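Understanding the architecture of this molecule
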Amino acid sequence: MESSGENAPRTGRANSTQPGCETPVRLPKDVELDLERSVQAVLRELSAQAPALQSNQGMWRWSLHKKVERDPSKSPALVRILLRELEKAESEDLRHVIIPLLHTLMYVLTKATGIAEELYRRTYAFCMRLLTLPAPYCTVALDCAVRLKTETAVPGTLYQRLVIAEQNLPSELYPYQERVFLFVDPELVSPSVCSALLLEIQAAQEQQTPEACMRHVVSHALQAALGEACHAGALQRKLQASPRHALERIFHAVVAAVEQMASEPSPSREGHLERLEEIYCSLLGPAAAARGRCGGHDALQDRPPSIPLPSPYITFHLWTDEEQLWKELVLFLRPRSQMRLSADLEALDLQGLLPDRELARVSVLSTDSGIERDLPLGADELLTPSSPEMEHGGLQRKGGMKKRAWPLDLLMLGGWDGPPGLHRRTGRPDGDGELLPGVSRLHTARVLVLGDDRMLGRLAQAYHSLRKRETQKFCLTPRLSLQLYYIPVLAAKPAASRQPELGELAAFLGRADPWYQNTVNTLCPAIHKLAEMPPSLGSSRTVDPFILDVITYYVRMGTQPIYFQIYTVKIFFGDLSQDPPEDIFLTELTVKIQDSKLPKDGFSPRRKGVAEGPGAELSICYQKALLSHRAQEVTVSLRATGLVLKALPGSDTEVSGPTHCPPTAAPLPDHTCLNVSVTEVVKTSNLAGRSFSVVTNTFRTANIRIQSQDQRLLTLLLDKDSRRTFRDVVRFEVAPCPEPCSGTQKSKALWLSSHQQKEMERTRAMPKPLLMPINTFSGIVQ
């Protein structure tokens, strides 16, 4: 980095241009004390037991990053302070602050330039020591260590890859693309909140043109590699004056230099420096480059200009259509995916993009005579997945019919988010990884929903529908990595009338992940304050977009999912002419007793000898939840006035269970079973006569069947959403929702070996539960 007081001549390029050999610039003592106070304020927030959804949290982390964004020369000092606090937390076993501090440190290192190589190596060594700790510490540390290893050898790699993917900049060497889909239900979130969020997103993205992002990538890469030898001010002026075609040429040259060096098994820092120095000299000329190495800067060049990290490309959607999520994901893939599909994948896709050809068979006129000597030369050789021939033909003939070896995980559709093991493939982008030969998951869709528990119920419906659709069309799974995020936005009501039960899942996430509680759960009051502010009519907004900054931080650093079981409910009505529908819920199912009764010729006549009283006579049959996983079925009959089936534990229940656990060896954690509360009516007789009292009984189960024994009808409310109400119900059954089964598995099974067919039948006999992941910063902290 460039700084005042560092204008003395230097004698060697190795001592002047390599970031790891720079002389550390000492900031004034009051500046370092200010950074130290901000870090201590963040630590105090993490240690305090503050209630959920308070507005006095979350600001210190944001202000800390803003300080180094406005003055990049503070970045090395902040890195030293954060690293010192991490090492102190390790020695004192203060694990609750390790992941928040590590995320904060990695966010600073991604944007900063001029960080000494010694600080990178100390951070890498710290992450390697964390690998001995249990999850989620080792999982987060491994991800950070892999990224740090690349950044240490090739400075500027993290920033470049992040901007290219988030802004969808064209690059053949790094073709990954990301997009943030922000969904808001207009019936649950006020119009003022929707318009305020939309204006803030638009105001930030108006300045993020592709040309500006290319200039940021070039400037950051050259400053990170050349250090103080880079004349940052002159470089930015040159890039600003360059036309579009010249800027694109420089951009692709820098990206090629960084990516080619980062892809080498043993990248050379010195070789990387030489290649970028050639690009730097071609921009400013040898004389300007020599002046930079000799410290001949302008007098006004006191500090290098700040290089912002653009916010990701965000699209704002009002959720009005049940199929809207699937449609948006298809449109995200469609422009480039159609050019990259192989013929074999097109046949497998079954024309999923065209609604009128769902199960169309693809017929191809064959010109193969079936005689082996008629094959062209080299036809017996197996093609590599990356060869051009593989892109044009998925099946090759070798003297006869060739079986297609479909991966078993692909047929069982367990590869959408992976098994509940190590969810994220560390060291590669979320979109990386191949499910089919020659087809990479180059796209990452980050779906962020705003609202309360009712919005999450709607997200669970869309997620289930999307997974079910994939069993028939299979057009998203091989090419898209789907990441789900949630920010709670509760209705702005007076404290007396506020309904805290609508934020139960947000409270659960806050108890499971303290950094989520501190960073995300505190956004609700800030969003309502933003909605109350008058809109800015000026073209330039000087106010920092706090909401957008926190959203950006969350979608970038929130990589550890917490899985939630989706439950299916089958409903039987009193009217036998109605087919029993099936629906799903994520958080809660409420059962109320209706005042109306069944007619005499209804579904279930009233039992004789049943005393009239409040509520209804219910028959409850459930499978008791045991740690031993043994099946123990219990059947009871009682009179009740209502039931509540909650999929989340209460605030008084300890959050337990690992975030990433093998599907066979995991105990039954609290958030994968139902907590049933029955309001039972107890009849008592005394000298004063007959009386009724109410008592609440609770138990835990995963499967339950409830039927009304008398003429009373039931009303079901799913996920607290009045739009999902079922009336005149006499019986319903609740069970964990299984993974959707593929309707085309029978035809695909013909291509499997006998061992794979047996494995497929075994998996069918024991269906996997459908789990919906919601990303947090650390997962469940033990």
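Residues numbered from 1 in each chain as written. Predicted model: local features only at pLDDT ≥ 70, side-chain atom pairs only at ≥ 80, totals over all residues. Heavy atoms only, no water.

In terms of regular secondary structure, the chain is built from 24 helices and 17 strands. Within the chain, buried positions represent 54% of all 782 residues. Within the chain, residue pairs in contact and separated by at least 24 positions form 79% of the contacts whose partners lie at least 6 positions apart. When the accessible surface of the chain is split by element, carbon and sulfur atoms take 54% of a total near 35600 Å². (Helix = DSSP H or I, 4+ residues; strand = E, 2+ residues; numbered from the N terminus. Buried < 20%, exposed > 50% of the residue type's maximum accessible area, 1.4 Å probe, protein only. Contact = heavy atoms within 4.5 Å. Areas by Shrake-Rupley, 256 points an atom, 1.4 Å probe, with all protein chains shown as cover.)

Turning our attention to the pairing of strand β7 (residues 560-565). Taking burial as the measure, the six residues of β7 include six buried ones, the bulk of the element. The pairing of β7 with strand β17 (residues 771-776) spans six bridges and is classified as antiparallel. Paired with Q560 across the strands is T776, a residue of β17. (Pairing = 2+ DSSP bridges.)

Another aspect to go through is helix α7 (residues 137-153). With 17 residues, α7 ought to run about 24 Å at 1.5 Å a step, and its terminal C-alpha atoms sit 24 Å apart, in line with that. Those residues of α7 lying buried are Y137, T139, V140, A141, D143, C144, A145, L148, E151, T152 and A153. (Expected span 1.5 Å × (residues − 1).)

Throughout the structure, instances matching the rule amount to 36 salt bridges. Linking R454 and D452 is a salt bridge whose minimum nitrogen-to-oxygen distance equals 2.7 Å. Each member of the pair, R454 as well as D452, carries the same accessibility label: buried. Residue E504 is joined to K646 by a salt bridge in which the shortest nitrogen-to-oxygen separation is 3.0 Å. Highlighted residues: E504 in helix α19 (residues 504-512) and K646 in strand β12 (residues 633-646), separated in sequence by 142 residues. (Salt bridge = Lys/Arg side-chain N within 4 Å of Asp/Glu carboxyl O.)

Quick look at the sheet that holds strand β2 (residues 314-318) now. With parallel pairing, the four strands of this open sheet are ordered in space as β2-β1-β5-β6. The open sheet has two edge strands with one neighbour each: β2 and β6 (480-488). Across the sheet, the mean angle separating the axes of adjacent strands is 20 degrees when strand polarity is ignored. Pairing geometry for strand β5 (residues 443-451) and β6, over nine bridges, is parallel. Residue pairing in the sheet places V447 in a bridge with L484 of β6. (Axes fitted to C-alpha atoms, helices over the stretch in contact; angles between N-to-C directions.)

Looking now at the environment of K74. Tracing the backbone through its elements, the reader meets K74 in the loop between α3 (59-70) and α4 (75-91). In sequence terms K74 and V31 are 43 residues apart; their C-alpha atoms lie 8.1 Å from each other. In this structure K74 touches L27, V31, L35, K67 and V68, once residues within four positions along its chain are discounted.

Our focus in this paragraph is empty space enclosed by the protein. With the rule as written, the count across this model stands at twelve cavities of 30 Å³ or more. One number sums up the size of the largest cavity: a volume of about 170 Å³. If you go around the largest cavity, you meet 16 residues; those closest to its centre are V68, P72, K111, A112 and I307. Secondary structure elements with two or more residues in the lining of the largest cavity: α3, α5 (98-111) and α10 (210-226). When grouped by side-chain class, the residues that make up the lining of the largest cavity number nine nonpolar, five polar and two charged. (1 Å grid on protein atoms, 1.4 Å probe; cavity = no way out; pocket = protein on both sides within 12 Å on 5 of 7 lines; lining within 4 Å. Points joined across faces, edges and corners; volume = space filled by probe spheres on them. Nonpolar A, V, L, I, M, F, W, Y, C, P; charged D, E, K, R; others polar.)

What follows covers the packing of α3 against helix α22 (residues 546-557). Running from amino to carboxyl end, α3 crosses α22 at an angle of 90 degrees, the nearest separation of the two axes being 11 Å. By the angle between their axes, α3 is roughly perpendicular relative to α22. Residue-level contacts link M59, R61, W62, H65 and K66 of α3 to F546, D549, V550 and Y553 of α22. Partitioning the contact of α3 with α22 into residue classes produces five nonpolar, one polar and three charged. (Parallel < 35°, antiparallel > 145°, perpendicular 65-115°, else oblique.)

Before going further, it helps to spend a moment on α10. Between the first and last C-alpha of α10 there are 24 Å, a value that for 17 residues agrees with the 24 Å anticipated at 1.5 Å per step. With 15 of 17 residues buried, α10 lies mostly within the body of the structure. Within two residues after α10, G227 carries a phi angle of roughly 70 degrees, on the positive side.

Checked against the element boundaries, T104 lands in helix α5. Given a relative accessible area of 3%, T104 falls into the buried group. Apart from the residues lying within four places of it in its own chain, the contact partners of T104 are R61, L64, H65, L82, W515 and Y553.

For the rest of this paragraph, the subject is the packing of aromatic side chains. Under the defined criterion, the tally for this structure stands at twelve aromatic pairs. Note on Y107 and Y553: the rings are 4.9 Å apart at their centroids and 85 degrees apart in plane angle, and the pair reads as edge-to-face. A residue pair is termed long-range when its members are at least 10 positions apart, and Y107 in helix α5 and Y553 in helix α22 qualify at 446 residues. The exposure classification of Y107 matches that of Y553, with both residues buried. Measuring from centroid to centroid gives 5.6 Å for Y553 and F777, while their planes differ by 35 degrees, and the two rings are tilted. Pair noted here: Y553 is in helix α22 and F777 is in the segment after β17, with a separation of 224 residues, a long-range link. Given a relative accessible area of 0%, Y553 falls into the buried group. (Phe/Tyr/Trp six-rings, centres within 6.5 Å; stacked < 30°, edge-to-face > 60°.)

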